[in-house]
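If you want the building blocks of each chain, they are given just below.
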Amino acid sequence: MLKCCSLYSGSSGNSFFIQSEHTNILIDAGVSCKKIENTLKNSFNLSLDNIDAIFVTHEHIDHTKSLNLISSKYNLPVYASCGTWNAIKSKTEKISPNNKKIFDLNKSFVFNDLRIFPFSTPHDAAEPCGFNIYKDNSKISIATDLGYIDDSILNNLKNSSFLMLESNYEPGILKLSSYPYQLKKRITSQNGHLSNNAASEAISKLVKHGLKDILLIHLSKENNIPEIAYETVIQKLQSTKYPINNINLNIAPRDNISQIYNIY
Ligand SMILES: [Zn+2]
Ligand SMILES: [Zn+2]
């Protein structure tokens, strides 16, 4: 069984928690150490001392803000791709060399009782990735900060029973927002972020492969509205005649813990 949730999610900072019988891990640490400490304490009665490692998707500050502090304060191993390590070199000086662990993308490895598969994602970062995490017969996936979902990513996400998927922006809202043109162009580019439509399109395909629990993550504060992200998925599923009672769809709150999922 895997227990998982989002602790914080959005452009203001991301961190996700996954627990198995013998292992506690974080994916990303993009909010302050204090915030992560408080949420782990209040929701799980855990300290960062109880965390076994942090796995990093990419170098952007909303995913790495407190890596340096947490790893040095709690002597925690941090796992990231070589490209990500190079990109955060100057911001991770306090992390002991022993705790700087490198993984190869698209190659699975074992961590305690988990198997972890980092897969490449298209994003304007050095060597970004999503993660599939396996425990016995359970598979969960996390895919955030990606410009599009092609067949290769879709294949990586197939047969997961729980998916945390970016649903970053609503095109109509982004179009009218006060963001500068260049930034809008970056967000909607192939190496930018995933729109509500693109997320719903992927979900409508993945529900046919066993996906039941879905948490939409990394919603933009300025360019999205949680109700619209939610409705876009529901309407897409309805348009394909998929029985929506079969799925449990939620939106990760920006500054709070999400629903806690037990995945068997
Ligand atoms: Zn991000
Ligand atoms: Zn990013």
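The coordinates are above.
Residues numbered from 1 in each chain as written. Chains lettered and ligands numbered in written order. Predicted model: local features only at pLDDT ≥ 70, side-chain atom pairs only at ≥ 80, totals over all residues.

Sorry, what's going on with the overall build of the protein chain here?
Check the secondary structure of the protein chain and you find nine helices and 14 strands. Its C-alpha atoms give the protein chain a radius of gyration of 17 Å, near enough to 18 Å, the size a compact globule of 264 residues would have. The C-alpha extent of the protein chain, read off along each of the three principal axes, is 50 × 45 × 35 Å. A burial count over the protein chain gives 47% of its 264 residues as buried. Across the protein chain, the fraction of contacts at a sequence separation of at least 24, relative to all contacts at a separation of at least 6, is 66%. (Helix = DSSP H or I, 4+ residues; strand = E, 2+ residues; numbered from the N terminus. Rg over C-alpha atoms; globule rule 2.2 N^0.38 Å. Buried ≥ 20, exposed ≤ 12 C-beta atoms within 10 Å, placed from the backbone. Contact = placed C-beta atoms within 7 Å.)

Help me out: how do you make sense of the sheet that holds strand β12 (residues 213-217) in this one?
Within a sheet, neighbouring strands are paired by backbone hydrogen bonds and run either parallel or antiparallel to one another. Ordered in space as β7-β8-β9-β10-β11-β12-β13, the seven strands form an open sheet in which the pairing is mixed. Of all the strands in the sheet, just β7 (109-111) and β13 (248-251) have a single pairing partner and so form its edges. Pairs of neighbouring strands in the sheet enclose a mean axial angle of 20 degrees, with direction left out of account. The sheet contacts of helix α9 (residues 226-239) involve β12 and β13, and relative to β13 the element is tilted by about 155 degrees. (Pairing = 2+ DSSP bridges. Axes fitted to C-alpha atoms, helices over the stretch in contact; angles between N-to-C directions.)

Please explain the sheet that holds strand β6 (residues 100-103) as it appears in this structure.
In spatial order, the strands read β6-β5-β4-β3-β2-β1-β14; together these seven strands make up an open sheet with mixed pairing. Edge positions in the sheet fall to β6 and β14 (261-263), since each has one partner strand and no second. On average, each strand axis in the sheet is tilted by 25 degrees relative to the strand beside it, whichever way the strands run. Of the pairings in the sheet, the one linking strand β1 (residues 2-8) to β14 comprises three bridges and is antiparallel in character. Within β14, the position partnered with C4 by the bridge is Y261.

Would you mind going over the environment of D113 with me for this structure?
Position of D113 among the secondary structure elements: in the loop between β7 and β8 (114-120). Between the alpha carbons of D113 and N156 there is a distance of 21 Å; along the sequence they are 43 residues apart. With near-sequence residues (within four places) excluded, D113 lies in contact with S20, E21, H22, T23 and K135.

Whenever I open this one, unusual backbone geometry confuses me. Can you help?
Glycine aside, residues mostly have negative phi, and peptide bonds are mostly found in the trans state. Backbone geometry at N106 places phi at a positive 60 degrees, although glycine is not the residue there. Examined against the element boundaries, N106 turns out to sit in the loop between β6 and β7. In this structure, D145 takes a positive phi of about 55 degrees despite not being glycine. Taking the number of C-beta atoms within 10 Å as the measure of exposure, D145 has 28 and is therefore buried.

Could you clarify how one ought to interpret the packing of helix α8 (residues 196-206) against α9 in this entry?
For the pair α8 and α9, the least separation of the axes is 9 Å and the interaxial angle reads 40 degrees. On the basis of the axis angle, α8 is oblique to α9. The element α8 and its partner α9 pack so that their crossing is right-handed. Listed contacts from α9 to N196, N197, A199, S200, E201, I203 and S204 of α8 are I228, A229, T232, V233, K236 and L237. (Parallel < 35°, antiparallel > 145°, perpendicular 65-115°, else oblique. Left-handed = near helix turned anticlockwise from the far one by under 90°.)

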